[in-house]
Every structure is written in structure tokens, then in C-alpha cells.
Amino acid sequence: MEISEQRIKIAVQKTGRLTDHSLDLLERCGLKFIQSKDQLFCYGENMPVDLLLVRDDDIPGLVSEDVCDLGIVGQNIVEEKRFALEQAGSTACYDQVFELDFGHCRLSLAAPENAEFSGVDSLQGKRIATSYVATLQDYLSRNSIEAETVYFSGAVEIAPRLGKADFICDLVSSGATLTANHLTEVETILESEAVIIQTREPLSDEKQEWVNRILQRLDGVLQVRESKYIMLHAPRSALDEISALLPGSEYPTIIPLDGQGDRVAVHAVCKESIFWETLENLKAAGASSLLVLPVEKMLA
Ligand code: PRT
Ligand code: ZN
């Protein structure tokens, strides 16, 4: 399959924690793909949009160098590349467009269970193993700490047991890996989730239009995830109280009900979860015939 300059290219992790979520999100935006035999490339069948399947660490570089127009990657990687470039006196050529609400984790410092840690000063003069050298350096210099960073490309959690480091700085999600290695999380350096990044290189009008369309659809997909459509009947006099109880909803639609006196139908999109408690409170405020429906698609 040929890679055309005229088509939008999105860099996505080939195999890893972000892959399934990234592909699922793009499919929900209406994109349909055929994967190449070497599995490094996906051709967009129904839109001029192709995917490059790569290692997550390469994604910021590919977007920065304009090989790809967009990329889906963890903030931890985006920040690490940004700090590394800054520390080398350079700057990244991409912008983070928005957060995608998956791949949540944090970059944290952890200490062996028996180690002394009474705050960031305990790191003074110590050795810290990490794959996130630039982010850690930035954190240490912001806190005026002189410590030695020891680079580990993986399995950072075994560094203290090997006698290679006093502390580690690594990604944590459930904390199970730390516990299994008798390590305790002592400080969070960075909160992270998957984000979409966009090149700063100007695009042709046609490509920019497609990029805007994809970003708008992504935004729509993220918005509907929590959104619910709620319908209820209520007396007109209770509308203020009922509107205030509808979570994350702007401008409910009010429809008169034939032959029902001052009772009206209220329809609203709620951008937050609706719990049983919310329904009970609405009922107590005078609402009846409550119905909550999922939202399939939304375009602002
Ligand atoms: O091959 P490639 O370079 O593309 O993949 P990779 O092995 O570098 O990355 P991958 O697939 O492991 O992770 C991709 C992205 O997922 C990361 O850059 C983060 O943005 C995000 N993410 C979310 C995580 C985690 N959660 C996570 N828990 N990345 C890694 N971990 C690791 C962590 O390094 C540690 O080893 O999981 C372990 C800790 O997990 P818990 O649950 O035991 O705390
Ligand atoms: Zn990686």
C-alpha cells in the first residue's frame, strides 16, 4: 500500500496498552481501516485518513517532524520528549489538542519499604532509577535536589534489589507492581492519560478541514461517553428546581403537554452520570414519567 502525502496520517501505538483504545476511538469516529500485510500501516477505506502503527516513544517525533499530522500517545511520553528537547535547548513542534480519558497512570517516586523518606529532601545525593530521565531531572531541579539518575529502559522496579538505585521513578496505575517488589509510592511527579497531539506545521486547506472534522468527531465521541438523554414530566412551577438537579445539562427543552394543565415534558442531555439518587431527587421535586436513555452520537 502506498503512503500518500495528500492523506491525513495518524500515529498510533502498534502493540501495547494504548492500541485497542486508540483504534476503538477512531472507529467510533466513523473511520474504517484495512491493515497492511506488514501490520505497520492501516489504510482508511472511507476517508482520506491512514494510520501508522509504531512504538509509542516514536509518536511525538513523528508528529513533530511532520511525518504524521496527528498522534495518540500518553502524556508521560509527550512530557518526557518535551523536557528532553528543552534541556537540549530546543522545542517540540506539536500541540496537545485534548485528553482522551484512557491510559490513566502517574509517574511516581517509590522507595523500598524499609527506606527513610520524609519528603523530597530525602532524595538529596541519592541514586534514582528511571526510564523518564528528563522528567525526573526537571522535577529534581525544580526542587533544588542534586541526585544521580540511573537510566533503566524497563523493569525499573528491580533496580533497588540489584543495588543499582536507592529509589525508583516509574509509571504506576494499580500499584500492584510496586507492592510485588516491596516498594512504596512516596511522591507523584506527573499525572498522565492518553492525549491527541497535532503537528504545528501548516496543512493544506483540504487536509486541515479533515483534521478539524476528525477532532470534532473525537470530541463528540468523548462527550457522549458519559452523556445520557433524560425525559420527564413536571409542573412548570418546579422547572427551576428540576433544571438545577439535572447533572451537567444546559438548556433543557420544555414541551407543553396537551390536556395536562401546567405539566410540561422536559428533555435534556446530561453530560454527567445520572444516578438513582438523582432520579429520586427529581421525583421528590415533582417530576414523573422519568426515562433515561443512552446517547449514541453528538455534534456540537
Ligand atoms: O512497545 P512500546 O514502546 O510501544 O510500548 P511500551 O511497552 O513502552 O508501553 P506500554 O504499552 O506498556 O504503555 C503505553 C502507555 O500506557 C504508557 O506510555 C502510559 O501512557 C500508559 N500506561 C497506563 C502505562 C500504565 N498505565 C502502566 N501501568 N504504561 C505502563 N505501565 C506499567 C508501568 O511501567 C509498570 O511497569 O505497568 C506497571 C505498573 O502497573 P501497576 O498497575 O502494577 O501499577
Ligand atoms: Zn514505549
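Here is what the cut-offs are and how they apply
- Residues numbered from 1 in each chain as written.
- Chains lettered and ligands numbered in written order.
- Predicted model: local features only at pLDDT ≥ 70, side-chain atom pairs only at ≥ 80, totals over all residues.
- Heavy atoms only, no water.
- 1 Å grid on protein atoms, 1.4 Å probe; cavity = no way out; pocket = protein on both sides within 12 Å on 5 of 7 lines; lining within 4 Å.
- Points joined across faces, edges and corners; volume = space filled by probe spheres on them.
- Helix = DSSP H or I, 4+ residues; strand = E, 2+ residues; numbered from the N terminus.
- Nonpolar A, V, L, I, M, F, W, Y, C, P; charged D, E, K, R; others polar.
- Domains from an automatic or database assignment.
- Buried < 20%, exposed > 50% of the residue type's maximum accessible area, 1.4 Å probe, protein only.
- Arc of directions from axis to C-beta.
- Contact = heavy atoms within 4.5 Å.
- Disulfide = S-S within 2.5 Å.
- Donors = N, O, S within 2.8 Å, 3.2 Å for Na, K, Ca; no water.
- Tetrahedral: all angles 85-135°; square planar, octahedral: opposite > 155°, others 65-115°.
- Salt bridge = Lys/Arg side-chain N within 4 Å of Asp/Glu carboxyl O.
- Polar contact = N/O pair within 3.5 Å; in protein donor to acceptor, adjacent residues only side chain to side chain.
- Pairing = 2+ DSSP bridges.
- Axes fitted to C-alpha atoms, helices over the stretch in contact; angles between N-to-C directions.

### Details of the layout of surface pockets
Taken as a whole, the largest pocket spans an internal volume of roughly 1000 Å³. Among the elements of the structure, α3 (75-87), β10 (167-172) and α5 (176-180) are those that each provide at least two residues to the lining of the largest pocket. Class assignment for the residues of the lining of the largest pocket results in twelve nonpolar, 13 polar and eight charged. Each of domain 1 (8-102 + 194-223) and domain 2 (105-192) gives at least three residues to the lining of the largest pocket. Space inside the second largest pocket adds up to approximately 350 Å³. Arg28, Arg217, Val221, Glu296 and Lys297 are, among the 15 residues lining the second largest pocket, the residues nearest its centre. Per element, the largest residue contribution to the lining of the second largest pocket is seven residues, and it comes from helix α6 (residues 205-226).

### Re helix α8 (residues 276-284)
Listed as buried for α8 are Thr278, Leu279 and Leu282. Looking straight down α8, one finds that the buried residues subtend no more than 100° of arc, so they occupy a single side. When the buried face of α8 is taken as reference, the exposed residues oriented beyond 90 degrees from it are Trp276, Glu277, Glu280, Lys283 and Ala284. Where α8 is buried, its residues meet β13 (228-235), α7 (239-245) and β16 (288-294). Positive backbone phi, approximately 115°, marks glycine 286, located one or two places after α8.

### A short note on the state of the cysteines
One pass over the full model with this rule turns up zero disulfides. The thiol sulfur of cysteine 42 is not disulfide-bonded, and the nearest other cysteine sulfur, from cysteine 68, lies at 12 Å. For cysteine 42, a relative accessible area of 6% puts it in the buried group. You can see cysteine 105 has no disulfide; the closest cysteine sulfur is in cysteine 169, sitting 12 Å from it. Judged by relative accessible area, cysteine 105 falls into the buried class, the value being 13%.

### Things to note about the coordination of the zinc ion (ligand 2)
Around the zinc ion (ligand 2), the protein contributes the donor atoms Asp56 (OD) and Asp57 (OD), at 2.1 Å from the metal centre. If you look at the zinc ion (ligand 2), its four donor atoms make angles of 73 to 172° with each other, and the shape they trace is irregular. Accessibility expressed as a relative area gives 19% for aspartate 56, which makes it buried. Overall, aspartate 57 belongs to the partly exposed group, its relative accessible area being 27%.

### What about the pattern of salt bridges?
Applying the stated criterion across every chain, the model contains twelve salt bridges. Arginine 127 serves as the salt-bridge partner of aspartate 166, at 3.4 Å between the closest nitrogen and oxygen. In this pair, aspartate 166 is assigned in the loop between β9 (148-151) and β10 and arginine 127 in strand β8 (residues 127-130), connecting sequence segments 39 residues apart. For glutamate 296, the salt bridge goes to lysine 297, with nearest N and O atoms at 3.6 Å. Here the two residues glutamate 296 and lysine 297 agree in accessibility, since each one is exposed.

### Some points on the side chain of threonine 199
Relative to the elements of secondary structure, threonine 199 occurs in strand β12 (residues 194-199). You can call threonine 199 buried: its relative accessible area is 5%. A distance of 3.1 Å separates the side chain of threonine 199 from the backbone nitrogen of glutamate 201, its partner in a polar contact. Apart from the residues within four sequence positions on either side, threonine 199 is in contact with Val63, Asp66, Cys68, Asp69, Cys93 and Tyr94.

### Some words on unusual backbone geometry
At aspartate 101, a position not held by glycine, the phi torsion is positive, near 60°. Looking at the secondary structure, you find aspartate 101 in the loop between β6 (94-99) and β7 (105-112). Assessed through its relative accessible area of 44%, aspartate 101 is described here as partly exposed.

### Notes on the sheet that holds β8
Sheet architecture is open: five strands sit in the order β9-β8-β10-β7-β11, paired in mixed fashion. Either end of the sheet is taken by a strand with one partner, and the two such strands are β9 and β11 (183-192). Across the sheet, the axes of successive neighbouring strands diverge by a mean angle of 30°, strand direction being ignored. Alignment of β8 against β10, held across three bridges, turns out to be parallel. Its bridge partner lying in β10, threonine 130 is registered against cysteine 169. In the packing of α3 onto the sheet, the strands contacted are β10 and β11, and the crossing angle to β11 comes to about 80°.

### Some remarks on the environment of isoleucine 274
With respect to the helices and strands, the residue isoleucine 274 is situated in the loop between β15 (263-270) and α8. The spatial distance from the C-alpha of isoleucine 274 to the C-alpha of glutamate 5 is 45 Å, given a sequence separation of 269 residues. Once you skip the residues sitting within four places of it in the chain, isoleucine 274 turns out to touch Lys228, Ile230, Pro247, Leu279 and Val292.

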